[in-house]
Amino acid sequence: MKIAVLFGAQSFEHEISVVSAIALKKVLKSEIVYIFCDYERNFYLIPTDTINAKRFSSGAYKKDKSLVLKQGGFFAQKMFGEEKVAFDVLINLVHGRDGEDGKLSSLLEFFAIPYIGPRIEGSCISYNKLFTKLYAKEVGVDVLDYQVLHKESKDDIRIAYPFIVKPLRLGSSIGIGIVKDEKELSYALDVAFEFDDTVLIEPFMQGVKEYNLAGCKTDGFIFSIIEEPQKEEFLDFDKKYLDFSRTKRVTEAHLDVKIQEKIREAFVKLYDPLFLGALIRCDFFVIDETIYLNEINPIPGSMANYLFDDFDTIITSLAQYLPRTTTVMKAYHYIHSIQAAKGK
């Protein structure tokens, strides 16, 4: 199978996407085709054998073949005509804006390109932290208390200290701050509001265990191991930048079988049907044996390959179970009927 990896784009998490894409070269046995979207949203075909991070930071990628996205795929211009970039399925590996907010999902579906990744609805729900909370509650998964605060709002914050401030539509811990008392509040809000005009505030759960579970659905559910991330107060951007380059399988968390089952049950409720066709990772808190959703990662760093024994087989299997869209047959029956009634 030949797999295209689409990465980059106009996102605060652009560099994370580059690191994730390069990491997949070490874990995918299938042939990889790299398609890079730069900050200006131009597409380039990147040689797989020479891909490295410096190629993008230096601008050297601009010497690679430029691509055009159109019906059926990506095309490179030739001296006479054009040539389609051949691949069987594409992985949407654009983190943050463009990749996780539904823009690329819309384009890929509009141009009939088979892809692994969140569909439009799943992207919109998981990209917005408020929508994620509302969705989780709707499907029966608990969430921590929260409050949404707009930039110009004069509302008092009702969440008790300490709490955590997060830009509403951003990932990779960018713009996140822990506020332990009132004197730290102004700075934390200023930082968060640089990335979004709305923030989410929720209790900071000191010492509470967090567990990560990735998975997807093919002919049945495929689950990864459950990981307990080793971290300090929270994973900042620098730690996650390194985290997203991981390719070695991590150690499985030691959990009671009952808790493991509860985490998987929560995952299933969140995944099906909104995230069919995607490999996602959900992060959960466990408090007094109750499972709380922290966040949904619709395009996890390095596709969470480090949580699986045979990542390549899972990807090739998922490629056979992508959601199908209903084909609309071309017809103008109503227009013809109207025109006939008018005698035209």
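That block above? That's the structure.
Report on the accompanying structure. (Residues numbered from 1 in each chain as written. Predicted model: local features only at pLDDT ≥ 70, side-chain atom pairs only at ≥ 80, totals over all residues. Heavy atoms only, no water.)

Bringing helix H6 (residues 185–193) into the picture now. Looking at H6, one finds that the buried residues are Leu185, Ala188, Leu189, Ala192 and Phe193. On an axial view of H6, the arc spanned by its buried residues comes to 125°, and they lie on one face. In this structure, the buried side of H6 is in contact with strand E10 (147–150), strand E11 (163–167), strand E12 (177–179) and strand E13 (198–203). (Buried < 20%, exposed > 50% of the residue type's maximum accessible area, 1.4 Å probe, protein only. Helix = DSSP H or I, 4+ residues; strand = E, 2+ residues; numbered from the N terminus. Arc of directions from axis to C-beta. Contact = heavy atoms within 4.5 Å.)

All right, on to the pattern of salt bridges then. Opposite charge on two side chains allows them to pair when their charged atoms are near. Within the structure shown, the criterion is met by 15 salt bridges. Between Lys2 and Glu31 there is a salt bridge; the shortest N-O distance is 3.6 Å. Separated by 29 residues along the polypeptide, Lys2 in strand E1 (residues 2–8) and Glu31 in strand E2 (residues 31–37) bring together distant segments of the chain. Residue class for Glu31 comes out partly exposed when judged on its relative accessible area of 47%. Of the charged contacts in the structure, one is a salt bridge between Arg169 and Asp197, with a shortest N-O distance of 3.1 Å. Linking Arg169 in the loop between E11 and E12 with Asp197 in the loop between H6 and E13, this pair joins segments that are 28 residues apart in sequence. (Salt bridge = Lys/Arg side-chain N within 4 Å of Asp/Glu carboxyl O.)

When you line up the elements, Asp64 lands in the loop between helix H2 (54–57) and strand E4 (65–70). With sequence-adjacent residues up to four places away left out, Asp64 is seen in contact with Tyr44, Leu45, Ile46, Pro47 and Arg55.

Turning our attention to the sheet that holds E13. Strand order in this open sheet of 4 strands is E10-E13-E11-E12, and the pairing throughout is antiparallel. Each having just a single partner strand, E10 and E12 make up the two edges of the open sheet. In this sheet, adjacent strand axes meet at a mean angle of 30° when their direction is disregarded. Pairing of E11 with E13 involves 5 bridges; the strand directions are antiparallel. The residue bridging Val165 from the neighbouring strand is Ile201, located in E13. Contacting E10, E11 and E13, helix H5 (residues 129–139) runs over the sheet at an angle of about 50° to E13. (Pairing = 2+ DSSP bridges. Axes fitted to C-alpha atoms, helices over the stretch in contact; angles between N-to-C directions.)

Time to look at the pairing of strand E15 (residues 221–227). In this structure, strand E14 (residues 209–217) lies alongside E15, joined through 5 bridges in antiparallel fashion. Along E15, the bridge assignment pairs Cys216 with Ile222. Linking two consecutive strands that pair antiparallel, namely E14 and E15, is a turn of 3 residues.

By the definition in use, this model includes 16 aromatic pairs. Ring centres of Phe221 and Phe223 lie 5.7 Å apart, and the angle between their planes is 5°; this geometry places the pair in the stacked category. On the accessibility criterion, Phe223 (28% relative accessible area) is partly exposed. Here Phe221 and Tyr271 contribute two aromatic rings whose centre-to-centre distance is 5.5 Å and whose plane-to-plane angle is 75°, an arrangement assigned as edge-to-face. Here Phe221 is found in strand E15, whereas its partner Tyr271 is found in helix H8 (residues 257–271), with 50 residues between them in sequence. What makes Tyr271 buried here is its relative accessible area of 0%. Of note, Arg119 hangs over the ring of Tyr115, and the distance from its end group to the ring centre comes to 3.8 Å. (Phe/Tyr/Trp six-rings, centres within 6.5 Å; stacked < 30°, edge-to-face > 60°. Lys NZ or Arg CZ within 6 Å of the ring centre and 35° of its normal.)

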